[in-house]
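Below, each chain spelled out in residue letters.
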Amino acid sequence: MTPMPSEDLDPSLKPGDSYVQSFARGLSVIRAFGAEAPRQTLTEVAKRCGLTRAGARRILLTLQTLGYVRAEGRLFELTPKILDLGFAYLSSQPLWQFAEPQMLQLTAELKESCSIAVLDANDIVFVMRTPTRKILNEALGVGSRLPAWSTSLGRVLLAALPPEELEPRLAAIPLSANTPHTLRSHEELRAAIEQVRHQGWCLLDQELEEGLVSLAVPIQGRQGRVIAAINISTQTSRTSPQLLLEQGLAKLQETAQNLSRLLQIKG
């Protein structure tokens, strides 16, 4: 059973005017549910969140009263109402209101999956996706998270950070060999991110998953600040990395530039 990430319930944070511990615990309970554990007992929730059974029970019953959780026998699960929390973010951001038509057009032209993600700590979070049936990992959807360092989207977003913010993040990343192509050292990762910063795009060849290649570029908001990244993904069995770069980079950059312009006008 996977425990909750340490940043969710940081023991160094104490209750006070700027930190409501009970609220933080409630969020940790919500995040305890997912694809790996969609339905859980009270004991399982408590263990995953590092809470007592009594504490977890109070939070679950509160969420149930509010309609965010339902119980069936001994098992608890989230309800569709929980989507309100995520859609509040999506509806509050101008980019997501007009990105989908641009992404659908790109997917239709290239016959490849298209995604937009933002950076959250050392992860990327998918906020928009227009998949095709040909891509390997179709389990990814809006709200899915992946380590930023091992994705094309994430490296574009990391490359946009100032050095004083980037370096502490890189130092804290535990590298893991997802495939034989995955970078093995922090020195290699720093060099790869620097290359992305210099060229303005990232081509990732089977570092995250065998057979998966992706190409990403940044999306800029006002004052030219990078606020998101957009990519296209495919399988090496049907499109080589070089061919993806040749056929996709210009169209991907054009889509990103169109979104950036819309953000600067309407954002």
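Since we're looking at a predicted model, the values are computed, not measured.

## Some remarks on empty space enclosed by the protein
1) Next: Within the structure shown, the criterion is met by one cavity of 30 Å³ or more.
2) Next: Considered as a void within the structure, the largest cavity measures approximately 200 Å³ in volume.
3) Next: Around the largest cavity, the lining is made up of 20 residues, and of these Leu 208, Leu 212, Ser 214, Asn 231 and Ser 233 lie nearest the centre.
4) Next: If you list the elements that add at least two residues to the lining of the largest cavity, you get β5 (123-130), α6 (152-159), β8 (212-220) and β9 (226-235).

## A look at the confidence of the model for the protein
1) Next: Here the protein averages 87 in pLDDT, while 87% of its residues score no lower than 70.
2) Next: In the predicted structure, residues 1-7 sits below a pLDDT of 50 and forms eleven contacts with residues beyond four places in sequence or in another chain.

## Looking at the packing of aromatic side chains
1) Next: Evaluated as defined, the whole model comprises zero aromatic pairs.
2) Next: The positively charged end of Lys 81 is found above the aromatic ring belonging to Tyr 68, 5.0 Å away from the centroid.

## Points about the nonpolar core
Nonpolar side chains in soluble globular proteins generally cluster together in the buried interior.
1) Next: Among the nonpolar cores identified, the biggest contains 26 residues, and Ile 116, Leu 215, Ile 219, Ile 230 and Ile 232 are the most heavily contacted of them.
2) Next: Mapped onto this core, the elements with two or more residues apiece are α5 (94-110), β4 (113-120), β5, β8, β9 and α9 (241-266).
3) Next: At seven residues, α9 tops the list of elements feeding residues into this core.
4) Next: Those residues within four positions of Leu 215 in sequence are excluded, and the remaining contacts are Ser 152, Trp 201, Cys 202, Leu 203, Ile 230, Asn 231, Ile 232, Leu 244, Leu 245, Gly 248, Leu 249 and Leu 252.
5) Next: Counting residues in hydrophobic clusters, the runner-up holds 25 residues, among them Leu 146, Leu 153, Leu 158 and Cys 202.

Conventions and cut-offs
Per-chain numbering applies: the sequence of each chain, read as written, is numbered from 1 onward. Owing to the predicted nature of the model, reporting of local features is limited to residues with pLDDT of at least 70; listing and counting of side-chain atom pairs is limited to 80 or more, with chain, interface and lining totals taken over all residues. Here the side-chain values reflect all heavy atoms present in the structure, with hydrogen atoms and water set aside. Any residue with an atom within 4 Å of a point lines the site, the site being either a cavity, points on a 1 Å grid over the protein atoms alone where a 1.4 Å probe fits but cannot get out, or a pocket, an open set with protein on both sides within 12 Å along at least 5 of 7 lines. Grid points are joined across faces, edges and corners, and a volume is the space filled by probe spheres set on the points. The numbering of helices and of strands both runs from the N terminus, where a helix is a DSSP run of H or I of at least 4 residues and a strand a run of E of at least 2. For every residue, the pLDDT score states the predictor's confidence, bounded by 0 at the bottom and 100 at the top. Every residue pair with non-hydrogen atoms within 4.5 Å of one another is taken to be in contact. Geometry of aromatic contacts follows a simple scheme: Phe, Tyr and Trp rings, the Trp one being its six-membered ring, pair when their centres are within 6.5 Å, and the pair is stacked under 30 degrees between planes, edge-to-face over 60, tilted otherwise. When the NZ atom of lysine or the CZ atom of arginine is within 6 Å of a ring's centre and also within 35 degrees of its normal, the charge is said to sit over that ring. By nonpolar core is meant a set of buried Ala, Val, Leu, Ile, Met, Phe, Trp, Tyr and Cys residues that side-chain atoms within 4.5 Å join together. Only protein chains enter the accessibility calculation, which uses a 1.4 Å probe. A residue is then buried if its area is under 20% of the maximum for its type, exposed if over 50%, and partly exposed in between.

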